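Single-letter residue listing:
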Amino acid sequence: MAANKVILQIRNLKKSFSGKNGEVLAVNDVSFDVYDNEFLVLLGPGQCGKTVMLNMIAGLIEPDEGEIILNGKPVRGHDPKIGMVLQRTALMPWKTVMSNVEIGPKWRGVGKAERQAYCQKFIDLVGLTGFEKSFPAQLSGGMKQRVGIARAYANDPEILIMDEPFGALDAQTRYAMEEEVARIWDQQKRTVIFVTNNIEEACFLGDRIILFSNRPATIKEIYPNEMARPRDMISEEFMKLRTSISDNTDLAIDTL
Ligand SMILES: Nc1ncnc2c1ncn2[C@@H]1O[C@H](COP(=O)(O)OP(=O)(O)OP(=O)(O)O)[C@@H](O)[C@H]1O
Ligand SMILES: [Mg+2]
């Protein structure tokens, strides 16, 4: 990993909010590098400040202090080179799967035939071939997240941010989606920043895992993870990494 090019630099990010009970410091002095095409996992307990951090990286909220540098240039506001998949994908219910995936290319002015062929590739990639004309209400939770992933890829971002995309899914579907996302990343190499509060998910997916403290989010430790893929969750190597992370975490983190 160290030999790879740094694509994104996060420097001294800080953000607080003022509320009824005074000031809440959500993120404090967070700095890290993201390498080109790596699968980076940000692991932290609930409410520690993960979404606030991602929203700053995606340019959706402004940091109080610090900088986000993409390919050597500071990012100001939202940059389409950084795409997002949310915890509960906000699909447009009146649009079909294809129309939802097409939103980005249509916005960019790509003609119909070309954009449909382009989007079909991503619909196939996420395993939704045959569901192009279905509406979101006809899909399961896992399938909706697949549409969200296809839509994010169709925007052709350099960096794909995923904020606990499988948090709302049942355990069985979640395992299946973790395998899917690893396979998709392998086939369509892209830099991914994946947020989770689940240690097992972090160990299964990450090339590196950045472990955060309770709020305010600060970096506790960075774990490189060079285990061969696809990863075996019951191997000794996997258990060892999982245990060393869970021994180092605050209680609110998911150990399963
Ligand atoms: N717009 C806001 N105004 C005030 N406080 C906020 C705002 N956004 C976030 N916070 C506070 O910042 C803290 C961190 O929130 P954040 O959503 O980043 O946590 P998280 O780590 O993503 O949690 P979860 O795992 O539950 O998604 C919370 O205490 C939250 O209440
Ligand atoms: Mg969150």
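Look up: the structure comes first, before these words.
In this text, all values refer to a predicted model and were calculated from it rather than measured experimentally.

A word on the overall build of the protein chain
Counting secondary structure elements, the protein chain contains 7 helices and 10 strands. At 18 Å, the protein chain has a C-alpha radius of gyration in line with the 18 Å of a compact globule built from 256 residues. Along the three orthogonal principal directions, the C-alpha set of the protein chain runs to about 50 × 45 × 45 Å. Counting every position in the protein chain, which comprises 256 residues, the buried fraction comes to 49%. Positive and negative side-chain charges in the protein chain, numbering 31 and 34 respectively, have mean positions lying 7 Å apart.

Looking at the sheet that holds strand 7 (residues 159-163)
Strand order across the open sheet formed by 6 strands is 6-7-8-3-9-10, with mixed pairing between neighbours. If you trace the sheet from one side to the other, it starts and ends with strand 6 (82-85) and strand 10 (219-224), each paired once. Between one strand axis and the next, the sheet turns through 20° on average, direction left out of account. Strand direction decides the pairing type here: strand 6 and strand 7, joined by 4 bridges, are parallel. Bridging from a neighbouring strand, Gly-83 pairs with Leu-160 of strand 7. Strands in contact with helix 4 (residues 141-154) are strand 6 and strand 7; relative to strand 6, the strand with the most contacts, it is inclined by about 175°.

Focus: the nonpolar core
Membership of the largest hydrophobic core comes to 46 residues, with the highest contact counts inside it found for Ile-149, Ile-209 and Ile-245. Setting aside its immediate chain neighbours within four residues, Ile-245 contacts Leu-43, Ile-199, Cys-203, Ile-209, Leu-211 and Tyr-223. With 29 residues, the next largest nonpolar core counts Ile-7, Leu-8, Val-34 and Met-56 among its residues.

Some thoughts on the packing of helix 3 (residues 112-125) against helix 4
Closest axis-to-axis distance for the helix 3/helix 4 pair is 9 Å, and the angle between their directions is 140°. Classified by the interaxial angle, the pair formed by helix 3 and helix 4 is oblique. Of the two possible hands of crossing, helix 3 and helix 4 adopt the one that is right-handed. Where helix 3 approaches helix 4, its residues Tyr-118, Cys-119, Phe-122 and Ile-123 are matched on the opposing element by Ala-150, Tyr-153 and Ala-154.

Here we look at the sheet that holds strand 5 (residues 73-74)
As summarised here, the arrangement of the 4 strands in space is 2-1-4-5, forming an open sheet in which the pairing is antiparallel. Two strands in the sheet have a free side with no partner beyond their single neighbour: strand 2 (22-35) and strand 5. Relative to strand 2, strand 1 (residues 6-19) runs antiparallel, the two being bridged by 10 bridges. Bridge pairing in strand 2 places Ser-18 opposite Glu-23. Running over the sheet, helix 1 (residues 50-57) touches strand 1, strand 2 and strand 4 (65-70) and is turned about 125° from strand 1.

Section: the site of ligand 1
All residues in the neighbourhood of ligand 1 are listed as Phe-17, Ala-26, Pro-45, Gly-46, Gln-47, Cys-48, Gly-49, Lys-50, Thr-51, Val-52, Glu-164 and Arg-215. Contacts to ligand 1 include Thr-51, whose side-chain N or O atom sits 2.8 Å from an oxygen atom. Between ligand 1 and Glu-164 there is a distance of 2.9 Å, counted from an oxygen atom to a side-chain nitrogen or oxygen. Taking 640 Å² as the accessible area of ligand 1 by itself, protein coverage stands at 65%. According to the grid-proximity analysis, the pocket containing ligand 1 is the second largest pocket. The dominant element in the shell around ligand 1, judged by the number of residues it contributes, is helix 1, at 3 residues. Residue classes in the shell around ligand 1 are distributed as 5 nonpolar, 4 polar and 3 charged.

Here's the deal with the layout of surface pockets
Considered as a void within the structure, the largest pocket measures approximately 640 Å³ in volume. Residue lining of the largest pocket: 22 residues in total, with His-78, Ile-82, Gly-83, Met-84 and Asn-155 positioned closest to the centre. Elements that contribute at least two residues to the lining of the largest pocket include exactly strand 6, helix 2 (97-107) and helix 4. Estimates place the volume of the second largest pocket at around 200 Å³. Lining the second largest pocket we find Phe-17, Val-24, Ala-26, Gln-47, Cys-48, Gly-49, Lys-50, Thr-51, Val-52, Gln-87, Glu-164 and Arg-215.

Reading the values: rules and limits
Residues numbered from 1 in each chain as written. Chains lettered and ligands numbered in written order. Predicted model: local features only at pLDDT ≥ 70, side-chain atom pairs only at ≥ 80, totals over all residues. Heavy atoms only, no water. Helix = DSSP H or I, 4+ residues; strand = E, 2+ residues; numbered from the N terminus. Rg over C-alpha atoms; globule rule 2.2 N^0.38 Å. Buried < 20%, exposed > 50% of the residue type's maximum accessible area, 1.4 Å probe, protein only. Lys, Arg positive; Asp, Glu negative; His and termini not counted. Charge placed at Lys NZ, Arg CZ, Asp CG, Glu CD. Pairing = 2+ DSSP bridges. Axes fitted to C-alpha atoms, helices over the stretch in contact; angles between N-to-C directions. Contact = heavy atoms within 4.5 Å. Core = buried A, V, L, I, M, F, W, Y, C linked by side-chain atoms within 4.5 Å. Parallel < 35°, antiparallel > 145°, perpendicular 65-115°, else oblique. Left-handed = near helix turned anticlockwise from the far one by under 90°. Near = heavy atom within 4 Å. Polar contact = N/O pair within 3.5 Å; in protein donor to acceptor, adjacent residues only side chain to side chain. Areas by Shrake-Rupley, 256 points an atom, 1.4 Å probe, with all protein chains shown as cover. 1 Å grid on protein atoms, 1.4 Å probe; cavity = no way out; pocket = protein on both sides within 12 Å on 5 of 7 lines; lining within 4 Å. Sits in = over half its atoms within 2 Å of the grid points. Nonpolar A, V, L, I, M, F, W, Y, C, P; charged D, E, K, R; others polar. Points joined across faces, edges and corners; volume = space filled by probe spheres on them.

It is worth stressing that arrangement in space is one thing and function is another; only the former is reported here.
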